[in-house]
Amino acid sequence: MFEKIVLASGNAGKLEEFSRLFAAHHIRILPQSQFDTPECPEPYHTFVENALAKARHASRHSGLPALADDSGICADALGGAPGVQSARFAGGNPKSDAANNAKLAACLAGKADKSCCYVCVLVLVRHPDDPLPVIAEGIWCGQWQDKPAGSNGFGYDPHFYLPAHGRTAAELDPNTKNTESHRAQALRELIGKISALQAAKAV
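Computed from a predicted structure; not experimentally measured.

A. Expanded view of helix H3 (residues 97–108). With 12 residues, H3 should cover 16 Å at 1.5 Å per step; its first-to-last C-alpha distance of 16 Å lies within 8% of that length. Among the residues of H3, those classed as buried are Asn100, Asn101, Leu104 and Leu108. Viewed along the axis of H3, the buried residues span an arc of 95°, placing them on a single side of the element. Of the residues in H3, the exposed ones pointing more than 90 degrees away from the buried face are Ala98 and Ala106. Residues of H3 that are buried in the fold lie against strand E3 (66–75) and strand E5 (134–144). Residue Ser96 occupies the N-cap position of H3, its side-chain oxygen lying 3.4 Å from the main-chain nitrogen of Ala98. With its phi angle positive at about 85°, Gly110 sits one or two positions after the end of H3.

B. Representation of the pairing of strand E1 (residues 4–7) within the structure. In the sheet, E1 pairs with strand E2 (residues 28–31) via 4 bridges, with the strands oriented parallel. Pairing of Lys4 across the sheet is with Arg28, part of E2. Handedness of the E1-helix H1 (residues 12–23)-E2 crossover: right-handed. In this sheet, E3 lies alongside E1 in parallel orientation, the contact comprising 2 bridges. Each residue of the ladder has a partner; that of Leu7, found in E3, is Leu67.

C. Main features of H1. Compared with an ideal rise of 1.5 Å per residue, which puts 12 residues at 16 Å, H1 spans 16 Å between its outermost C-alpha atoms and is within 8% of the ideal. Listed in full, the buried residues belonging to H1 are Lys14, Glu17, Phe18, Leu21 and Phe22. The buried residues of H1 all sit within an arc of 125° when viewed along its axis, so they share a single face. Of the residues in H1, the exposed ones pointing more than 90 degrees away from the buried face are Ala12 and Glu16.

D. Quick look at the UniProt feature "binding site: Mg(2+)" (unreviewed entry) in the chain. As recorded in UniProt, the feature "binding site: Mg(2+)" (unreviewed entry) lies at Asp70. Apart from the residues within four sequence positions on either side, Asp70 is in contact with Glu42, Thr46, Phe47, Asn50, Ala51, Lys54, Val84, Val119, Cys120 and Val121. Within the local environment of Asp70, its side chain forms a polar contact with the side chain of Lys54, the two groups lying 3.0 Å apart.

E. Region of interest: the sheet that holds strand E7 (residues 167–168). Read from one edge of the open sheet, 7 strands run E2-E1-E3-E4-E5-E6-E7, paired in mixed fashion. Looking along the sheet, the strands with just one partner apiece sit at the ends: E2 and E7. On the sheet, helix H2 (residues 47–62) packs against E1, E3, strand E4 (115–125) and E5 and is oriented at approximately 155° with respect to E3. The strands that H3 touches are E3 and E5; relative to E5, the one it contacts most, it runs at about 60°.

F. Representation of the nonpolar core. Among the nonpolar cores identified, the biggest contains 19 residues, and Ile5, Phe22, Leu67, Leu122, Leu124, Leu187 and Leu190 are the most heavily contacted of them. Breaking this core down by element, the ones donating at least two residues are E1, H1, E4, E5 and helix H5 (182–202). For this core, the element with the most residues is H5, which contributes 5 residues. Core analysis: the next-biggest nonpolar cluster, separate from the first, contains 15 residues, Val6, Ala55, Cys74 and Val119 among them.

G. Structural context of the pairing of E4. Extensive coverage of E4 is indicated by the burial of 11 of its 11 residues. Both faces of E4 are covered, namely the face carrying Ser115, Cys117, Val119, Val121, Val123 and Val125 and the face carrying Cys116, Tyr118, Cys120, Leu122 and Leu124. Across 10 bridges, E4 lies against E5 in antiparallel orientation. The residue bridging Cys117 from the neighbouring strand is Cys141, located in E5.

Quick notes on the rules
Residues numbered from 1 in each chain as written. Predicted model: local features only at pLDDT ≥ 70, side-chain atom pairs only at ≥ 80, totals over all residues. Heavy atoms only, no water. Helix = DSSP H or I, 4+ residues; strand = E, 2+ residues; numbered from the N terminus. Expected span 1.5 Å × (residues − 1). Buried < 20%, exposed > 50% of the residue type's maximum accessible area, 1.4 Å probe, protein only. Arc of directions from axis to C-beta. Contact = heavy atoms within 4.5 Å. Polar contact = N/O pair within 3.5 Å; in protein donor to acceptor, adjacent residues only side chain to side chain. Pairing = 2+ DSSP bridges. Right-handed = clockwise from strand over helix to strand, strands pointing away. UniProt positions renumbered as here; feature names shortened; annotations may be inferred. Axes fitted to C-alpha atoms, helices over the stretch in contact; angles between N-to-C directions. Core = buried A, V, L, I, M, F, W, Y, C linked by side-chain atoms within 4.5 Å.

What follows is the structure, encoded as structure tokens:
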């Protein structure tokens, strides 16, 4: 397994979340800012294409294996929007969670269908030109809640209501979230694929 992986993101919330998730596997997650990595363009319309571009970019600048996460929220009533534009949905610089939430709330106002899902695609490359990137996906289904609740999260978490728990993602305790979230699902798949590759090499 890897000892150190560069996270292709400048999001402090994601860095903290991934660091917790990978700690159980004795893998240290380093921020790409440690290597003066400039922000990578994300011109694609799918999570997997953007994640792959970011992973290759971070690996090229750091000289280390790199992990990229492209994630977002997809509302059924909006044809899957905001999707890959989730972090920049409201525009503006710097990005604003509050503005993004306000725009999505406005877009869903009056819509009967409030179903939505969090999507996470993880891409791990061993080097910038890795021909066999490890790709994993997680999908977490819920409902949009107009009134925000909870402080244990970021992004759209205060509005992402989970009927099975009777609360939003931002109201969940970290252990529950780290077990059920879209990132947790994708990470389990990623770790499983990495373990399978390592086992195959050992044969």
